[in-house]
Each structure stands twice: as structure tokens, then as C-alpha cells.
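Fold and contact review
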Amino acid sequence: MNPLHRMDGRLFLEEVSLEELARVYGTPLYVYSQAALTEAFDSYERALAGLPHLICYAVKANGNLAILQHFARLGAGFDIVSGGELARVLRAGGQAAKIVFSGVGKTEAEMRAALDAGIRCFNIESESELSRLNRVAKEMGRIALVSIRVNPDVDPKTHPYISTGLKQNKFGIPIGRAQPLYRQAASMDGIEIVGVDCHIGSQLTDLAPIADAIDRVLDLVGKLSSIGIRLKHIDIGGGLGIRYRDETPPDMTDFRSILISRFRGRSEEVIVEPGRSLVGNAGLLLTRIEYVKRGDTKNFIVVDAAMNDLMRPSLYDAFHDIVPVCQSGEPDLPCDVVGPVCETGDFIGLNRAIRAREGELLAVLSAGAYGMSMSSNYNSRPRSAEVLVNKNKIHLIRERETIEGLMAGERLVY
Ligand SMILES: *Cc1c(COP(=O)(O)O)cnc(C)c1O
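Remember, predicted model here, so these are calculated numbers, not experimental data. (Residues numbered from 1 in each chain as written. Predicted model: local features only at pLDDT ≥ 70, side-chain atom pairs only at ≥ 80, totals over all residues. Heavy atoms only, no water.)

This brings us to the nonpolar core. Judged by nonpolar contacts, the single largest core of 100 residues is most densely connected at Phe71, Phe78, Phe122, Tyr182 and Phe255. Ranked by residues supplied to this core, first place goes to helix α8 (residues 208–226) with nine residues. Of the residues that make up this core, three or more belong to each of domain 1 (4–32 + 280–407) and domain 2 (103–272). Excluding its chain neighbours within four sequence positions, the residues that come into contact with Phe255 are Tyr44, Ala47, Leu207, Ile210, Ile236, Leu240 and Val272. In this structure, Leu4, Leu11, Ala22 and Leu361 belong to the second largest nonpolar core, which totals 20 residues. (Core = buried A, V, L, I, M, F, W, Y, C linked by side-chain atoms within 4.5 Å. Buried < 20%, exposed > 50% of the residue type's maximum accessible area, 1.4 Å probe, protein only. Helix = DSSP H or I, 4+ residues; strand = E, 2+ residues; numbered from the N terminus. Domains from an automatic or database assignment. Contact = heavy atoms within 4.5 Å.)

The following block contains the structure:
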């Protein structure tokens, strides 16, 4: 199913015209398809059908309240990495009992908030964090439910910035050191062990490293069981890739085969933590061409979206397909699509074949994940609005920021 399609040469998302959205809400504008969110979630449900499971959406991919609310309605749990994300999930109607809390730097205040809410599990990333959580839980007269995030040391073969499961990464406990830590956890009054987890990286297009990681984790689960530590869940993390250009994303049927062959007949609940693959291809960034600077060998298309709106091209050299909203003829020279920010690294796409006309609209595709959530106010640019479409219905799910709003917390000294 592709919710993005053309009618008479004009782009629509579901039944809504992108030209119309730009006219009403302005640009740059993030636009998401509710049908695509649902379909992505259902594909995980199908992959896990028949196994006890919980799909915990990784909030950092896109934390808009309406998106969280939609996933909560579909039955999702949530993978959070901060107190801010905890507050968002609760505000959006997510159940605390379905929240897992990841991240290497949980503060005491974040631990307290999560214990107060009664989350399902803290994913522990270090010895020190475990001791701190034990102390905080005891002070509060609570028991903290934990899983230990192990680092299985497999190479996910993805971009170095988004690979997390190698020895040299800051995440998790080396799998070889996990057993003593589990023993220690088992002896702590404020701690109850409920699971194990791993997350080896992001934008994984090959399933072999995931299968490898699961096997290593299951090996550990067996060893723990033999010393009397039994787990309620096994969390295999997120990270399945999506198609941005010509990648072949993992096939969900193959993913299912891997899960079934490893987990059928086991009693532990399987948790997955997908982010990108639930929202990435459900969203696009709509932008208007301000200027076309013509050169001898290449043109620059200056658009009203910039690296502050979509950081992935500048940060990871990531590719996003860019298509005209109205088809209007053949491209002439190759184009760099750039923003107005004063940085050479401010580009959305390089060397593209796009017919460039000032005033026309472009859609930057696959921008639903790590787009709005990584946006900033660099160059004092108010962040974009966000719209969710459902068939012919349009929901404004975030207002465009105002310049007044940007300065609201600042104070003059004279
Ligand atoms: C970022 C992250 C995820 C989600 O990764 P995706 O590549 O977006 O699926 C899941 N779990 C943890 C611990 C993460 O840090």
C-alpha cells in the first residue's frame, strides 16, 4: 500500500492534496499518513502473531502526542529514553505498564518519575545505574523492575553513528559480563529482574546480525536459568531498516521465520522496540522553492526547509528522495537542494534531477522518523507544523512555532 500517489500529475497523501495542505498550513510542513502508521504497526503484529509479545514504539523516532496516541490505540507499548518522553507517553494515553525505559544516562529524577508512574521495566545499561536505581527504589519504598541491556558484540553493518551493539559502543553491558551483574541484581532489595534486552543498531537491512544477537541473548538466558534466574521477557530491540532509496528493507516474513524458530514454545514474552520502521515512510516534509540559482553545470534549489527541520542529510549524509508536488516537465541540470541556513552542510539532497521552478512545492520523502524529533531552532527558525491525514480528514497535530515563542524564555539584562 502506498498512501502517496498522483492524480492528474499532483501528489496526494491518502485523499489529501499536498498543494492544499501547503496553502492552508504553510511550509515547511511535516505530513503523516495514519494508514501508513497503522499498516507498519500491523506488519509487526503479523510477524509476532502466535508468540506472546509487545511492540514498544521507540518514541525518539517521532514523539508527537497524536502519533503516540494512535499507537497506544493500536495496543502499542513504548520505548522511552528520557523523562520528557515518559511524560509524553502518559499524556497521550499510553499505559505505564507497557513502557520500557532505555538509555545510558537516566537521572535520579527520571528514575523517580518512572517508578511513580509504575513502568514495566528499566533497561539497565551499567553497574552504576543498577546501584543507583536500587537505592532510589528503596528510598521510595518501591521495587524497580529491570532488564539488563547486553551488548552482544555483533556488527549490524549499518552507519557507524547508528550502530550500537559493538564492543566499542557506549551502550549496554558486554554480554560476557552480564551474569555477575544479574546475580548482583538478584541480591538487591529494591530490584526485581524481569528481562534481558539488546538493541544492536538502526536502519538494519540485513537480518543475519539480528538473528545472531538473538542467539547470543538466548544463550545467556539459558545460563541465567541454570543459576535460578528466570526471565519474563526477552527484548530484541528495534532497528529494522526502511527504504530511503534503493535499500532492500528486511522482509517481514523472513523476520517472522527468525522469531518463530527461536521463540516458539518459549514462555517469555518477546518485546520489540521499532522506531524508524513504524513512522519513517509514513511521513514527508513539504517545502517550497524560494529561489533557483542557475550555474553552468549545476543549479541550486533554495527551499524553505533546512537542516534545522531535517538534520539527517547533514548529520549522516542520509539520502531522502525529493519529488515535485506538481509534475511540470523535464529537469535540465543536476540540482543541489539546499536550505537557507548559513552552513555549507545545510542541504536536503545533492545532485538530484529535479525540475526547479521558484514558488513550486517539493516533497522530501521518508521523513517521518528522526525528522521532526531531531529538529532545532538553529538560525532562529521556528519549527515546522505537523499534520496527520486520515483518508480525507486533516488533523493539525502541532502548530507552527512563532518567533515570539522562540524568545519567550529569554531575558534581557539591561
Ligand atoms: C533508537 C532506539 C530504538 C529504535 O531504533 P529504530 O532504528 O528507530 O527502530 C530502539 N531501542 C533503543 C534502545 C533505541 O535507542
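That was the structure; now back to the text.
With that settled, consider unusual backbone geometry. The omega angle of the peptide bond from Thr27 to Pro28 is -10°, so this bond is cis rather than trans. By the secondary structure assignment, Pro28 is in the loop between α1 (18–25) and β4 (29–33). One non-glycine residue with positive phi stands out, namely Tyr370, at about 55°. Mapping Tyr370 onto the fold places it in the loop between β19 (361–364) and β20 (385–390).

Contact pair helix α5 (residues 108–117) / helix α6 (residues 127–140): the axes reach a minimum separation of 10 Å and the direction vectors enclose 55°. When the axes of α5 and α6 are compared, the pair comes out oblique. Our pair here, α5 against α6, has a crossing hand that is right-handed. Contacts between α5 and α6 involve Glu108, Met111, Arg112, Leu115 and Asp116 on the former and, on the latter, Glu129, Arg132, Leu133, Arg135, Val136, Ala137, Glu139 and Met140. Of the residues assigned to the contact of α5 with α6, the class counts are six nonpolar, no polar and seven charged. (Axes fitted to C-alpha atoms, helices over the stretch in contact; angles between N-to-C directions. Parallel < 35°, antiparallel > 145°, perpendicular 65-115°, else oblique. Left-handed = near helix turned anticlockwise from the far one by under 90°. Nonpolar A, V, L, I, M, F, W, Y, C, P; charged D, E, K, R; others polar.)

Taken as a whole, helix α7 (residues 178–186) has its buried residues at Ala178, Leu181, Tyr182 and Ala185. All buried residues of α7 lie within an arc of 105° about the axis, which places them on one face of the element. Where α7 is buried, its residues touch α6, β9 (144–151), β10 (173–174), β11 (191–197) and α8. (Arc of directions from axis to C-beta.)

Treat this as a map of the structure, not an account of what it does.
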